[in-house]
Amino acid sequence: LVGSGSDSTQSTGHQLLYNAPRLQLQSALPNITATADTIFWDVIVGNLGTSPSSNTWISPVSANGLTTVYRVIQVGPDTVVNPTGNIYPIGSLASGASRTYRVFARYTNCNRDSIIVHTGWNCSGYPVTLAAYPCQTVRQTLTYTIVRPT
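Quick notes on the rules
- Residues numbered from 1 in each chain as written.
- Predicted model: local features only at pLDDT ≥ 70, side-chain atom pairs only at ≥ 80, totals over all residues.
- Heavy atoms only, no water.
- Helix = DSSP H or I, 4+ residues; strand = E, 2+ residues; numbered from the N terminus.
- Rg over C-alpha atoms; globule rule 2.2 N^0.38 Å.
- Buried < 20%, exposed > 50% of the residue type's maximum accessible area, 1.4 Å probe, protein only.
- Contact = heavy atoms within 4.5 Å.
- Areas by Shrake-Rupley, 256 points an atom, 1.4 Å probe, with all protein chains shown as cover.
- Salt bridge = Lys/Arg side-chain N within 4 Å of Asp/Glu carboxyl O.
- Pairing = 2+ DSSP bridges.
- Core = buried A, V, L, I, M, F, W, Y, C linked by side-chain atoms within 4.5 Å.
- Axes fitted to C-alpha atoms, helices over the stretch in contact; angles between N-to-C directions.

Colleague: How would you explain the overall build of the protein if you had to name every residue and give the values?
Modeller: A tally of helices and strands in the protein yields 0 helices and 10 strands. Ordering the α and β elements of the protein from the N terminus gives β-β-β-β-β-β-β-β-β-β. Here the C-alpha atoms of the protein give a radius of gyration of 20 Å, more than 25% beyond the 15 Å that 2.2 N^0.38 yields for 150 residues. Judged by the C-alpha coordinates and their principal axes, the protein covers about 80 × 30 × 25 Å. Counting every position in the protein, which comprises 150 residues, the buried fraction comes to 36%. Put simply, of all contacts in the protein between residues at least 6 apart along the chain, 80% involve residues at least 24 apart. Counting every atom, the protein has about 9000 Å² of accessible surface; 52% of that belongs to carbon and sulfur.

Right, dumping it as structure tokens:
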């Protein structure tokens, strides 16, 4: 602590320990077979930390720009998550809690692409864009293989 009119620092010897949330992102089927131009994956966002995560979000983005994510819903109860830009706010996640989200996408050609789902949290609010998020995200890559009609 710096006292008024003083240029010295005093320490009490106490330490402050903060146990941050620790997010996890996973999918039981990260590689799917696409038989139509509309596809979806289920992803699970979990908090393995001992503190709740505030302003938790996911951001699914196309790796090559060939696939468009057009909807994200929370599974059970099925609730649409409305994005701001490409940030889908999912609220607070308690310590030890998890939620499942279904990511819907559409592809327009037969070239390979994948979706990279990012997740993060922030005490002060949601990021405006994925690029504006100041921390490293947790990621899960989702891929698809197109089955052409015979």
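The structure having been displayed, the exposition proceeds.
Colleague: Let's hear about the pattern of salt bridges: which residues, and what values?
Modeller: Applying the stated criterion across every chain yields a total of 1 salt bridge. Across the pair Asp42 and Arg102 runs a salt bridge whose closest N-O atoms are separated by 2.6 Å. Pair noted here: Asp42 is in strand β3 (residues 38-47) and Arg102 is in strand β8 (residues 98-107), with a separation of 60 residues, a long-range link. Residue class for Asp42 comes out partly exposed when judged on its relative accessible area of 28%.

Colleague: Requested: an account of the pairing of strand β1 (residues 23-26), with residues and values cited.
Modeller: Of the two faces of β1, only the one carrying Leu23 and Leu25 is buried; Gln24 and Gln26 on the other face are not. By the bridge criterion, 4 bridges tie β1 to β3 in an arrangement that is antiparallel. Of the residues in β3, the one forming a bridge with Gln26 is Ile44.

Colleague: Break down the nonpolar core for me, citing the residues and quoting the values.
Modeller: Ranked by size, the top nonpolar core spans 25 residues in total, and within it Ile39, Trp41, Ile58, Val72, Tyr101 and Tyr144 carry the most contacts. Broken down by secondary-structure element, the contributors of at least two residues to this core are β1, β2 (31-34), β3, β5 (67-74), β7 (88-93), β8, β9 (114-120) and β10 (138-146). Those residues within four positions of Ile58 in sequence are excluded, and the remaining contacts are Val45, Val72, Asn86, Ile87, Tyr88, Ile90, Tyr101, Val117, His118 and Thr119.

Colleague: A description of the sheet that holds β3 should follow, citing residues and the corresponding values.
Modeller: Strand order in the open sheet made by the 5 strands is β1-β3-β8-β5-β6, with antiparallel pairing throughout. In the strand order of this sheet, the two ends are held by β1 and β6 (79-80), each with one partner. Where β3 lies against β8, 9 bridges are found, and the strand directions are antiparallel. The residue bridging Ile44 from the neighbouring strand is Thr100, located in β8.

Colleague: Account for the sheet that holds β2, with residues named and values stated.
Modeller: Strand order in this open sheet of 5 strands is β2-β10-β9-β4-β7, and the pairing throughout is mixed. The outermost strands of the open sheet, each flanked by one partner alone, are β2 and β7. Pairs of neighbouring strands in the sheet enclose a mean axial angle of 25°, with direction left out of account. When strand β4 (residues 53-62) meets β7, the two strands line up antiparallel, connected through 4 bridges. Residue pairing across strands places Thr56 opposite Gly91, the latter belonging to β7.

Don't take any of this as a statement about function, it's just geometry.
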